[in-house]
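# Structural description and commentary
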Amino acid sequence: MASVTYDHVWKRFGDFTGLEEVSDGKVMIGNTVVNDVPPKDRDIAMVFQSYALYPHMTVYDNMAFGLKLRKTPKEEIKRRVEEAAEILGIEALLKRKPRELSGGQRQRVAVGRAIVREPKVFLFDEPLSNLDAKLRVQTRAQISKLHQNLQTTFIYVTHDQTEAMTMATRIAVMNKGLLQQLDTPQMLYDYPANLFVAGFIGSPAMNFFSAKLRKDGNNLMVDASAFVVKVPDAKAGTFMHLVDKEVIFGIRPEDVHNPLFVPPNVTVAEVPAKVDFTELMGNEIYLYLIAGEHNFVGRVDPRTRFHMGDEVKLAINMDNFHIFDPSADRENPPAVR
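Residues numbered from 1 in each chain as written. Predicted model: local features only at pLDDT ≥ 70, side-chain atom pairs only at ≥ 80, totals over all residues. Heavy atoms only, no water.

### As for the sheet that holds strand E16 (residues 294-300)
Overall, antiparallel pairing links the five strands, which are arranged E13-E17-E14-E15-E16 in an open sheet. The two strands at the open ends of the sheet, each matched to only one other strand, are strand E13 (256-257) and E16. Bridging between strand E14 (residues 268-280) and strand E17 (residues 311-317) involves seven bridges; their strand directions are antiparallel. Bridge pairing in E17 links Lys274 to Glu311. (Pairing = 2+ DSSP bridges. Helix = DSSP H or I, 4+ residues; strand = E, 2+ residues; numbered from the N terminus.)

### Describing the packing of helix H4 (residues 103-115) against helix H5 (residues 133-150)
It is at 11 Å that the axes of H4 and H5 come closest, and there the two elements cross at 20°. The orientation of H4 with respect to H5, classified from their angle, is roughly parallel. Between H4 and H5 lies a crossing whose hand is right-handed. Contacts from Gly103, Gly104, Arg108, Val111 and Ile115 in H4 reach Leu135, Gln142, Leu146 and Leu150 in H5. (Axes fitted to C-alpha atoms, helices over the stretch in contact; angles between N-to-C directions. Parallel < 35°, antiparallel > 145°, perpendicular 65-115°, else oblique. Left-handed = near helix turned anticlockwise from the far one by under 90°. Contact = heavy atoms within 4.5 Å.)

### Looking at the pattern of salt bridges
Inspection of the entire model under this criterion finds 14 salt bridges. With a shortest N-O distance of 2.5 Å, Glu76 and Arg79 are connected by a salt bridge. One end of the pair, Glu76, and the other, Arg79, are both in helix H3 (residues 74-88), three residues apart, so they sit about a helical turn from each other. With relative accessibility at 24%, the residue Glu76 sits in the partly exposed group. One salt bridge connects Glu76 with Arg80, and the closest N-O pair in it is separated by 2.9 Å. (Salt bridge = Lys/Arg side-chain N within 4 Å of Asp/Glu carboxyl O. Buried < 20%, exposed > 50% of the residue type's maximum accessible area, 1.4 Å probe, protein only.)

### Details of the nonpolar core
One finds Val229, Phe249, Leu289 and Ile323 to be the most contacted residues of the largest nonpolar core, which totals 34 residues. Taken together, the elements giving at least two residues each to this core come down to strand E9 (207-216), strand E10 (219-223), helix H9 (233-239), strand E12 (246-251), E14, strand E15 (285-291), E16 and E17. Discounting chain neighbours no more than four positions away, the residues touching Leu289 are Val256, Ala273, Lys274, Val275, Asp276, His294, Asn295, Phe296, Gly298, Val312 and Leu314. (Core = buried A, V, L, I, M, F, W, Y, C linked by side-chain atoms within 4.5 Å.)

### Here's the deal with H3
Between its first and last C-alpha atoms H3 spans 21 Å; for 15 residues at 1.5 Å apiece the expected length is 21 Å, and the two agree. All of the buried residues in H3 are Ile77, Arg80, Val81, Ala84, Ala85 and Leu88. Looking straight down H3, one finds that the buried residues subtend no more than 130° of arc, so they occupy a single side. Residues Glu75 and Glu86 are exposed on H3 and point more than 90 degrees away from its buried face. Those residues of H3 hidden inside the fold are in contact with helix H2 (59-69), H4 and H5. With its phi angle positive at about 70°, Gly89 sits one or two positions after the end of H3. (Expected span 1.5 Å × (residues − 1). Arc of directions from axis to C-beta.)

### Focus: the side chain of Gln105
For Gln105, the location among the structural elements is in helix H4. Within the structure, the side chain of Gln105 is placed 2.9 Å from the backbone nitrogen of Ser102, a separation counted as a polar contact. Not counting chain neighbours up to four residues away, the residues in contact with Gln105 comprise Leu93 and Glu100. (Polar contact = N/O pair within 3.5 Å; in protein donor to acceptor, adjacent residues only side chain to side chain.)

What follows is the structure in structure tokens.
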């Protein structure tokens, strides 16, 4: 499943669906170039953010409607609708009308309407955004399972990075209509291409600090004014060309630890900070911290006993830090590898 972030449904899917003319390049579905293929012949199905169900029709008729327009034989329609309903767990709803369904049930009907087409590509336009949080998690799992069962290409647009990370096999991160990075979820998390991707992937978002790299004898240091940390020797060579230059130092909240509960085999550096406030999450605590002019977040062990206003020492994992170079692009600095 591919996940995409973008700004307008026609821009998202216009080239695939034929809703927009292709201005440049080729649009391919499988091995077929479809630039000049009429939309109705492209063998794609779309699931909208709004359910777009016909209120006067039953669930069965809503799912069957597209097949009837194509003059599909009745027995074939019945087979496809019943199979799709079984996959989605809505067999008992086939005689109901949309007004009798919950939001999650309506969305499953909309997905079922796409499934019966048996298309080569499914296009999902933020299908979960109208659902409440609990139902969103449940439906997210159902769509992921559906993808595994159908073994068909899903292109899924979302502004929710949690949906992208949990559902996708590859993610295309886009900003202002431009592709920022295309990779697996884990690679995006571990090796973001630039500041935008680094800040988008992960929740809470990555912490960023304006800093300068400088030499201290044989050591390379990250000087963020409020704190100075040593770059591990094994990584120092990568950043030597940025000595005495301004950089952006990035560290994820999950790599900010209470020094008493640091995971084993981690290279840590000590950072002083003041606790602004805390959020107990049960399995962890979110610390909202201040270091000089910097505000940042730590996700620490639930045994931590820090309180608002405490002056504390944090241990940051220097095996997982990131450096971004503003001199290469001031608006969206690239990561330095």
